[in-house]
Amino acid sequence: MNRSVEGAAMQWVHPETTVRRYELRVAGEPAGLLEWGEEGSRARGAYGEETFLFQRFGFLDPHVVVRDGEGKQVARFDPAGGTGGVLTLIIGRHFRWYSNSWRAEWGWLDVGENDAIRFRRSFDVEEKREGSVEIVNDAATHGQTPLLVMLGWYLIIMSSEPVATEW
């Protein structure tokens, strides 16, 4: 993202309930996309010029590998029990994921444990998986906002699917 989105209204929408495809809208305008193939955990996210590929691996050591549009690994997410996990970027930065599924709230914390991005799931239409994104501290993400917004929604959707493992 080339501009600050702190304070902008960001929304994940699920236009077609039969398709695993979600649109990110900023101030009501289409800005990004997260979509899966026919089955499995492999998904592609795009926001502006940035593209990410996400895939969950492992049974005994579950984790998500994040690749850029060229297929190079840029990060790895390791879940920690049912309440969150840690994202480690290849460049050495870390973010902590937290979840409160009872309240339908999730988010990323920076290394200082400060809120960076928050997600809130909407249950207006039961079969749709939609929600809001709040950039709490754009500076805390240091250019990682597109990745965090895409990966966060990927984790929320994957954890809500019937075959999801306990994270």
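Above: the structure in question.
Quantities reported herein were computed from a predicted structural model and do not represent experimental measurements.

(A) Broad picture of the overall build of the protein chain. The helix and strand tally for the protein chain stands at two helices and 12 strands. Along the protein chain, from the amino end to the carboxyl end, the secondary structure elements read β-β-β-β-β-β-β-β-β-β-β-β-α-α. Evaluated residue by residue, the protein chain yields a buried proportion of 41% over its 167 residues. Long-range contacts, defined here as pairs at least 24 residues apart, represent 37% of the contacts in the protein chain between residues at least 6 apart. Roughly 9000 Å² of accessible area belongs to the protein chain as shown, and the carbon and sulfur atoms make up 49% of that amount.

(B) Highlighting the sheet that holds strand S5 (residues 50-57). Taken together, 12 strands build a closed barrel; the order of strands is S1-S2-S3-S4-S5-S6-S7-S8-S9-S10-S11-S12 and the barrel is antiparallel. When strand polarity is set aside, the average angle formed by the axes of neighbouring strands in this sheet is 20°. Across five bridges, the pairing between strand S3 (residues 29-36) and strand S4 (residues 43-47) is antiparallel. Within S4, the position partnered with Glu 35 by the bridge is Arg 44.

(C) Spatial organisation of the pattern of salt bridges. Under the definition given, this model contains 10 salt bridges. Residue Arg 21 pairs with Glu 35 through a salt bridge whose shortest N-O separation is 3.7 Å. Residue Arg 21 is located in strand S2 (residues 21-26), and its partner Glu 35 is located in strand S3; the two are separated by 14 residues in the primary sequence. On the basis of relative accessibility, which here comes to 31%, the residue Arg 21 falls in the partly exposed class. Between Asp 78 and Arg 76 there is a salt bridge, with its nearest N and O atoms 2.9 Å apart. Classification of Arg 76 as partly exposed rests on a relative accessible area of 26%. Via salt bridges that share partners, Arg 21, Glu 23, Arg 25, Glu 35 and Arg 44 belong to a single interconnected network.

The rules behind these values
Residues numbered from 1 in each chain as written. Predicted model: local features only at pLDDT ≥ 70, side-chain atom pairs only at ≥ 80, totals over all residues. Heavy atoms only, no water. Helix = DSSP H or I, 4+ residues; strand = E, 2+ residues; numbered from the N terminus. Buried < 20%, exposed > 50% of the residue type's maximum accessible area, 1.4 Å probe, protein only. Contact = heavy atoms within 4.5 Å. Areas by Shrake-Rupley, 256 points an atom, 1.4 Å probe, with all protein chains shown as cover. Pairing = 2+ DSSP bridges. Axes fitted to C-alpha atoms, helices over the stretch in contact; angles between N-to-C directions. Salt bridge = Lys/Arg side-chain N within 4 Å of Asp/Glu carboxyl O.

In short, the description is geometric, and any link to function would need to be established separately.
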